[in-house]
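Letter by letter, the chains look like this.
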Amino acid sequence: MIAPPDGRGLLDGKAVVVTAAAGAGIGSAVARRCLAEGARVVVSDSHQRRLAETGDLLAAAYPGRVWPLICDVTDEAAVQALIDGAAERCGRVDVLVNNAGLGGDRPVAEMSDDEWALVLDVTLTGTFRCTRAALRRMIAQGGGGAVVNNASVLGWRAQAGQAHYAAAKAGVMALTRCTALEVAGHGIRVNAVAPSLAAHPFLSRVISEEELAVLAGREAFGRAAQPWEVATVVAFLASDYASYLTGEVISVSSQHP
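Rules used in this analysis
Residues numbered from 1 in each chain as written. Predicted model: local features only at pLDDT ≥ 70, side-chain atom pairs only at ≥ 80, totals over all residues. Heavy atoms only, no water. Axes fitted to C-alpha atoms, helices over the stretch in contact; angles between N-to-C directions. Helix = DSSP H or I, 4+ residues; strand = E, 2+ residues; numbered from the N terminus. Parallel < 35°, antiparallel > 145°, perpendicular 65-115°, else oblique. Left-handed = near helix turned anticlockwise from the far one by under 90°. Contact = heavy atoms within 4.5 Å. Nonpolar A, V, L, I, M, F, W, Y, C, P; charged D, E, K, R; others polar. Pairing = 2+ DSSP bridges. Buried < 20%, exposed > 50% of the residue type's maximum accessible area, 1.4 Å probe, protein only. Polar contact = N/O pair within 3.5 Å; in protein donor to acceptor, adjacent residues only side chain to side chain.

Trainee: Please explain the packing of helix α1 (residues 26-36) against helix α8 (residues 227-238) as it appears in this structure.
Mentor: A pair of packed helices is captured by two measures, namely the crossing angle of their axes and the spacing between those axes. Their axes nearest at 8 Å, the elements α1 and α8 cross at an angle of 55°. Here α1 lies oblique to α8, going by the angle between them. Note that α1 runs across α8; the crossing there is right-handed. Contacts between α1 and α8 pair I26, A29, V30 and R33 from the former with P227, W228, V230, A231, T232, V234 and A235 from the latter. When the residues that make up the contact of α1 with α8 are grouped by side-chain class, the tally is nine nonpolar, one polar and one charged.

Take a look at the structure:
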């Protein structure tokens, strides 16, 4: 019989790793929410300066519970070093949040092999690399733990110019479901969130302001989600309150047809 959570912070004492956590997007919001829920958090990113700035801000608010570690999810050795480094600092790895992803806006007829491959490598294969390394660690620890992947509603819905990103996110959804079945016997849960439109500082670099306005207009609330609104769902899936959820993709969206 599994006992229900005791009402403390959702993630009290858990060791959490968050990729692509620098800056002001979903990753840093997830790290902050996990810290607020009592976790110890390793924040990771491939951008050293931004990672250092984010690490400093979080460490000032939550001293002794934040460790920044550089990691490029396209580099297998760097991914392994991230998980090993997290275990060294925290004693174990309880939760992995795969937030790293790369978008773009290019019609298929104009897309190069390199553009396609880069988005798939960061967004899908990077998620695979990090998940594999974390699962090996969790299994070696005796089982238990959670992986939460950041997918997208584009894994279900079509949008022009987003074939590479949509294919990668659909792959993340499939990876989530298949992996969940494989590790359920170890007490490890694997789930995903699928935001529709989430506001972050770099969104306008890959989507025009006009297109962003159109996308926001499709949302029932007429706006994009704030990163903390996505982070709240991630923290729930990472916690013991989601103990009977695995292989699920939770839509974080107010989008209507």
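Trainee: Help me understand the sheet that holds strand β1 (residues 15-18) in this model?
Mentor: Paired through backbone hydrogen bonds, the strands of a sheet run either parallel or antiparallel to each other. Strand order in the open sheet made by the seven strands is β3-β2-β1-β4-β5-β6-β7, with parallel pairing throughout. The sheet terminates laterally at β3 (66-70) and β7 (249-252), the two strands that pair on one side only. Each strand of the sheet is rotated relative to its neighbour by a mean of 20°, with strand direction disregarded. Where strand β5 (residues 145-150) and strand β6 (residues 188-195) come together, six bridges link them in parallel fashion. Residue pairing in the sheet places V148 in a bridge with N191 of β6. Sheet strands touched by helix α4 (residues 113-140): β4 (95-98), β5 and β6. Its angle to β4, the strand with the most contacts, is close to 175°.

Trainee: How should I be thinking about unusual backbone geometry in this particular structure?
Mentor: For residues besides glycine, phi is generally negative; the peptide bonds are generally trans as well. In this structure, A20 is a non-glycine residue whose phi angle is positive, near 50°. In this fold, A20 is placed in the loop between β1 and α1. The exposure class of A20 is partly exposed, given its relative accessible area of 25%.

Trainee: Explanation requested: the side chain of D94 in the structure shown.
Mentor: By the secondary structure assignment, D94 is in the loop between α3 (76-90) and β4. For D94, a relative accessible area of 10% gives the class buried. Engagement of the side chain of D94 in a polar contact is seen with the side chain of R92, the distance being 2.6 Å. Excluding residues within four positions of it along the chain, D94 makes contact with G13, K14, A15, M138, G145 and A146.

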